[in-house]
Amino acid sequence: MAAGIPPARAQLVLPGAVAPTPEGTVASPGQAKKRSIGGEMGAAAGPAIMPKAPTEDAIVGKILKRDGEGSAIEFSRAGADLQVAKVTLVGDDLRRSGEACRVEVAGTPLKLTARQSDTGLRRYQIAFPACAFTFDVLDGAILVTNEGKACELKDAGCRADPEGLWGMSADEIDPKKGEEMLGARARVEKTVRSTFRALYDQNKKEKAIRNFIVKEQAGFSSWREEVCRSYAREPDFGYCALRLTEARAIALGAQLATGVKLPPGVAEEVAAENTKKDAKK
């Protein structure tokens, strides 16, 4: 799963033949009332924000926690190379049903392998045989994917799910920054919306690509809510939603600049769907 791109099962087709309006439309500047979802968003005061792809410096030397309070990871540098200095996995005890387990991963520092990404973000895979997950570098956070699989650390009798956002812990967030985060997210939403429209216009004559990007955008809000619903104090600060919205803006910008690459099998699926639709006409 690419950063900012929801899995296919969470996607919906937007109705209408004209360029669609993506979900997550921001409140107008004069609308002060907040909207209620997983991570509320206030008025989009100020200009739109186009985030820059974060470098590894954004995560080095910080303790990043999954959902802000679970598993933890720390990164360091060995010369120019990024590495994992420490990782602790928190999960379910396989020996005692209903109890939690905590595993300090041995053999650190762990090496990282750079992976190709079409999202505009830096991507790495951790060289940890028992749980070799992949992550994208965000601003002071990482977005972890593991193909929906939890890691079973059999020697420790522990099952841990690494997927999700690893970032700032709840006690690190300054309560005074809550409104600032919500406002920043609203401004990034402006960028997401305008970049998506430009991407749609760029590809509106290519039916397969057009349908794919519409499905991506339609599924983004529900995917973001699914990822962020368990993040610590998310309704108060919207920290997770801000980070994922920034990643979405960067991903759309990358698609606009370099073109949209359909994942394996998607072109065939789209062609099959279109054939069925044409047959019903």
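Conventions used here
Residues numbered from 1 in each chain as written. Predicted model: local features only at pLDDT ≥ 70, side-chain atom pairs only at ≥ 80, totals over all residues. Heavy atoms only, no water. Helix = DSSP H or I, 4+ residues; strand = E, 2+ residues; numbered from the N terminus. Buried < 20%, exposed > 50% of the residue type's maximum accessible area, 1.4 Å probe, protein only. Contact = heavy atoms within 4.5 Å. Areas by Shrake-Rupley, 256 points an atom, 1.4 Å probe, with all protein chains shown as cover. Disulfide = S-S within 2.5 Å. Pairing = 2+ DSSP bridges. Phe/Tyr/Trp six-rings, centres within 6.5 Å; stacked < 30°, edge-to-face > 60°.

**Q** Provide a residue-level description of the overall build of the protein chain, including the pertinent values.
**A** When you go through the protein chain residue by residue, the secondary structure sums to five helices and eleven strands. In the protein chain, buried positions account for 48% of the 281 residues. Taking all contacts inside the protein chain whose residues are at least 6 apart in sequence as the whole, residues at least 24 apart take part in 61%. Within the structure as shown, the protein chain displays about 14,300 Å² of accessible surface, and the carbon and sulfur contribution to it stands at 50%.

**Q** Which residues make up the state of the cysteines, and what values do they have?
**A** Here a disulfide denotes a covalent bond joining the sulfur atom of one cysteine to the sulfur atom of another. Counted under the stated rule, the structure contains three disulfides. Each sulfur of the disulfide joining C131 and C151 lies 1.9 Å from the other. Judged by the sign of its S-S torsion, about 60 degrees, the bond between C131 and C151 is right-handed. Highlighted residues: C131 in the loop between β6 (123–126) and β7 (134–138) and C151 in strand β9 (residues 151–153), separated in sequence by 20 residues. According to the relative accessible area criterion, C131 is buried, its value standing at 1%. Overall, the relative accessible area of 3% leaves C151 in the buried class. When the bonded cysteines of the protein chain are counted from the start of the sequence, the pairing works out to 1-4, 2-3, 5-6.

**Q** Describe the pairing of strand β2 (residues 72–78), with residues and values.
**A** Of the strand pairs in this sheet, strand β1 (residues 63–66) and β2 are connected by three bridges, and their pairing is antiparallel. What sits directly across from I63, in β2, is E74. Here β1 folds back onto β2, and the loop between the two strands holds five residues, one of which, D67, carries a positive phi near 55 degrees. Examined bridge by bridge, β2 and strand β3 (residues 81–93) share seven bridges and lie antiparallel to one another. Bridging from a neighbouring strand, R77 pairs with L82 of β3. Counted along the chain from β2 to the antiparallel partner β3, the turn is two residues long, and its residue G79 has a positive phi close to 70 degrees.

**Q** Could you give me a rundown of the environment of I142, with the residues and numbers involved?
**A** Within the secondary structure layout, I142 lies in strand β8 (residues 141–145). Taking relative accessible area as the criterion, I142 reaches 0% and is therefore assigned buried. When the C-alpha positions of I142 and K65 are compared, they lie 9.4 Å apart, and in sequence the two are 77 residues distant. Among all residues touching I142, those that are not within four sequence positions of it are I59, L64, I73, F75, F135, D136, G164, L165 and W166.

**Q** Kindly report on the packing of aromatic side chains, identifying the contributing residues and their values.
**A** Describing an aromatic ring pair means giving the distance of the ring centres and the angle of the ring planes. This structure, assessed with the given rule, holds six aromatic pairs. Look at F196 and Y200: their rings are 6.4 Å apart centre to centre, the planes differ by 50 degrees, and that puts the pair in the tilted class. With F196 and Y200 both in helix α1 (residues 178–203), this residue pair falls four residues apart, about one helical turn. Judged by relative accessible area, which is 0%, F196 ranks as buried. Of the residues examined, Y200 reaches a relative accessible area of 7% and is grouped as buried. Every member of this aromatic cluster is reached through a ring pair, and the members are F75, Y124 and F135.

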